[in-house]
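# Reading the structure
Each chain, written out:
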Amino acid sequence: MAGPDPAELRRVVDAFPAAAGAAESTRIARVDDLLDGTYGRLLREWYPELESVTEAYRDGDVLREDVLEHVEAVPSFRLSDGAAPLPEKRRALAEADETADEVTEIAGWYATLRSMLDDDPDGLTRLERLLHGFGYVLAHGLFLGAASPERVVRRLRLAYRSVGVSIDDTASEAGAERTAFTCPYRDVGGRIYGEKWLCHEKLDRVDDGYVTYLAERGIDYQRPRDCDGSERCYSTVARDGPEVWWPKNPPAAVRARS
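Residues numbered from 1 in each chain as written. Predicted model: local features only at pLDDT ≥ 70, side-chain atom pairs only at ≥ 80, totals over all residues. Heavy atoms only, no water.

## Overview of the packing of aromatic side chains
Which entries qualify depends on this criterion: Put simply, two rings from Phe, Tyr or Trp (the six-membered ring, in Trp's case) pair if the centres are within 6.5 Å, and we call them stacked under 30 degrees between planes, edge-to-face over 60, tilted for the rest. Secondary structure is summarised from DSSP: a helix means a run of H or I of at least four residues, a strand means a run of E of at least two, and numbering begins at the N terminus for each. Three exposure classes are used, based on accessible area relative to the maximum for each residue type with a 1.4 Å probe and protein chains only: buried under 20%, partly exposed in between, and exposed over 50%. Two limits define a charge over a ring: the Lys NZ or Arg CZ must be within 6 Å of the ring centre, and within 35 degrees of the ring normal.
Throughout the structure, instances matching the rule amount to ten aromatic pairs. For the pair W46 and Y110, a centre-to-centre distance of 6.4 Å together with 55° between the ring planes defines the contact as tilted. Of the two residues, W46 is situated in helix α3 (residues 38–58) and Y110 in helix α6 (residues 102–116); the sequence distance between them amounts to 64 residues. In this structure, W46 and Y110 share a single accessibility class: buried. Centre to centre, the rings of Y160 and F181 are 4.8 Å apart; their planes meet at 40°, and the pair counts as tilted. Of this pair, Y160 sits in helix α8 (residues 149–162) while F181 sits in strand β5 (residues 176–182), placing them 21 residues apart in sequence. According to the relative accessible area criterion, F181 is buried, its value standing at 4%. Aromatic rings pair up to connect F16, W46, Y47, W109, Y110 and W245 into one cluster. In this structure, R178 is placed above the aromatic ring of Y234, and the distance from its NZ or CZ to the ring centre is 3.8 Å.

Laid out in structure tokens, this is it:
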């Protein structure tokens, strides 16, 4: 199964760089105020749930996909509106970074955590590598001549429908094309491997081939996400890197872009 070693994931999660102690409360309160409460939500709500999801992953109760969904749902401090920078927010991040080292440290920690959940070619099974390669080859025909998110998403929806996936809703927002859909194979193999095993841990390897192909052409395809609690999932297609936010983007990188 695709996914990081549970013990190594636990070590990375435990290395979360949080300030501690009453003496830090005033400084951290200032950082939280500058970041519109993002730091507090990350520390008090998101991180404890990350610990729980990590334990469930270690015990085999959830898939890598479930951990990834939670990691991608990290509270975020937006530094752009689509591709347009937000100067006041960027100044607030710079001040927060000057106030507490944890602002930069958390960004580095988050990058490490996120990279662990990406597919490692050496960690994929032979079947998963074949599915990824199949998706990459298929993308050359599926997206031939499609150079914009609007054209890409039309081809993508056609591909969904061709394998029996029902398109429930579509939307366009801030340069991103969003598709909500229902996977008809959600319960296949569920009793043995767990819910979403076929839909995500296997069939999404084909989508990962699409991701690789489109990224080479400046298109950001976020494959299916947010299926917890229902059969409905969604994916998005946008120009590569349309949004900048912390902790995904460290303060130094944001300053370099400004």
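## Some points on the nonpolar core
Generally speaking, nonpolar side chains in soluble globular proteins are found buried as a group. The following threshold applies: Think of a nonpolar core as a cluster: buried Ala, Val, Leu, Ile, Met, Phe, Trp, Tyr and Cys residues, connected wherever their side-chain atoms sit within 4.5 Å. Only heavy atoms matter for contacts: two residues are in contact if any of them lie within 4.5 Å across the pair.
Among the nonpolar cores identified, the biggest contains 37 residues, and W46, L50, L93, W109, L113 and W246 are the most heavily contacted of them. Of all elements in the fold, only α1 (6–14), α2 (25–34), α3, α4 (64–72), α5 (87–99), α6 and β8 (245–246) reach the threshold of two or more residues within this core. If near-sequence neighbours (up to four positions away) are discounted, W109 is found in contact with V12, V13, A15, F16, P17, W46, Y47 and L50. Counting residues in hydrophobic clusters, the runner-up holds 21 residues, among them L142, A159, Y210 and C233.

## Regarding the packing of α4 against α6
This is how it is decided: Fitted lines through C-alpha atoms give the axes, limited to the stretch in contact for helices. The angle between two N-to-C directions lies from 0 to 180 degrees. Oblique is the label for every angle not falling under 35 degrees (roughly parallel), over 145 degrees (roughly antiparallel), or within 65 to 115 degrees (roughly perpendicular). Crossings are assigned a handedness: left-handed for a near helix turned anticlockwise from the far helix by less than a right angle, right-handed for a clockwise turn. Under the scheme applied here, ten amino acids are nonpolar (Ala, Val, Leu, Ile, Met, Phe, Trp, Tyr, Cys and Pro), four are charged (Asp, Glu, Lys and Arg), and all others, including Gly, are polar.
The N-to-C vectors of α4 and α6 enclose an angle of 155°; their axes lie 10 Å apart at closest approach. Compared by their axis directions, α4 and α6 come out roughly antiparallel. Note on packing geometry: the crossing formed by α4 with α6 is left-handed. Side by side, α4 and α6 meet where L68, V71 and E72 of the first sit next to Y110, L113 and R114 of the second. Split by residue class, the contact of α4 with α6 holds four nonpolar, no polar and two charged.

## A closer look at α5
This is how the line gets drawn: Expected span of a helix: the number of residues minus one, times 1.5 Å. The arc refers to the directions leading from the helix axis to the C-beta atoms.
With 13 residues, α5 should cover 18 Å at 1.5 Å per step; its first-to-last C-alpha distance of 18 Å lies within 8% of that length. Three or more residues of α5 are buried, namely R90, A92, L93, A96 and D97. Summarising the axial view, the buried residues of α5 lie within an arc of 155°, below the 170-degree limit, and thus occupy one face. Seen from the open side of α5, the exposed residues pointing more than 90 degrees away from its buried face are E88, R91 and E98.

## Some remarks on the environment of K89
With respect to the helices and strands, K89 occurs in helix α5. On the accessibility criterion, K89 (29% relative accessible area) is partly exposed. Sequence separation between K89 and L79 is ten residues, and the spatial gap between their C-alpha atoms is 5.6 Å.

## Focus on unusual backbone geometry
Along the chain, W246 connects to P247 via a cis peptide bond; the corresponding omega equals 15°. In this structure, P247 sits in the loop between β8 and α12 (251–257). Unusually for a residue other than glycine, D36 sits at a positive phi of about 55°. By secondary structure assignment, the location of D36 is in the loop between α2 and α3.

## Points about the environment of L42
Among the secondary structure elements, L42 is positioned in helix α3. Once residues within four sequence positions are removed from consideration, L42 is found in contact with F16, Y47, P48, V74, P75, I106, W246 and P247.

## Structural notes on the side chain of D32
Which entries qualify depends on this criterion: When charges are counted, Lys and Arg are positive and Asp and Glu negative, with His and the chain ends excluded. When a carboxyl oxygen of Asp or Glu is within 4 Å of a side-chain nitrogen of Lys or Arg, the pair counts as a salt bridge. Side-chain atoms alone can form a polar contact between residues adjacent in sequence; in general such a contact is a pair of N or O atoms within 3.5 Å, and within protein one must be able to donate a hydrogen while the other accepts it.
As for its placement among the helices and strands, D32 is situated in helix α2. The side chain of D32 sits in the buried core without any salt bridge; R44 is the nearest counter-charge, 4.2 Å away. Looking at D32, its side chain comes within polar contact range of the main-chain nitrogen of Y39, at 3.3 Å. Once residues lying within four places of it in the same chain are set aside, the contact partners of D32 are G37, T38, Y39, G40 and R44.

## Here we look at the packing of helix α7 (residues 126–142) against helix α11 (residues 204–215)
Packed helix pairs are characterised by how far apart their axes lie and by the angle those axes make with each other. Relative orientation of the contacting elements α7 and α11 amounts to 50°, with a least axis distance of 6 Å. In terms of their interaxial angle, α7 and α11 are classed as oblique. Both α7 and α11 take part in a crossing whose hand is right-handed. Side by side, α7 and α11 meet where E128, L131, H132, F134, G135, Y136, L138, A139, H140 and L142 of the first sit next to R205, V206, D208, G209, Y210, T212 and Y213 of the second. Here the contact of α7 with α11 is built from residues that sort into nine nonpolar, five polar and three charged.

These results come straight from atomic positions and should not be treated as a statement about function.
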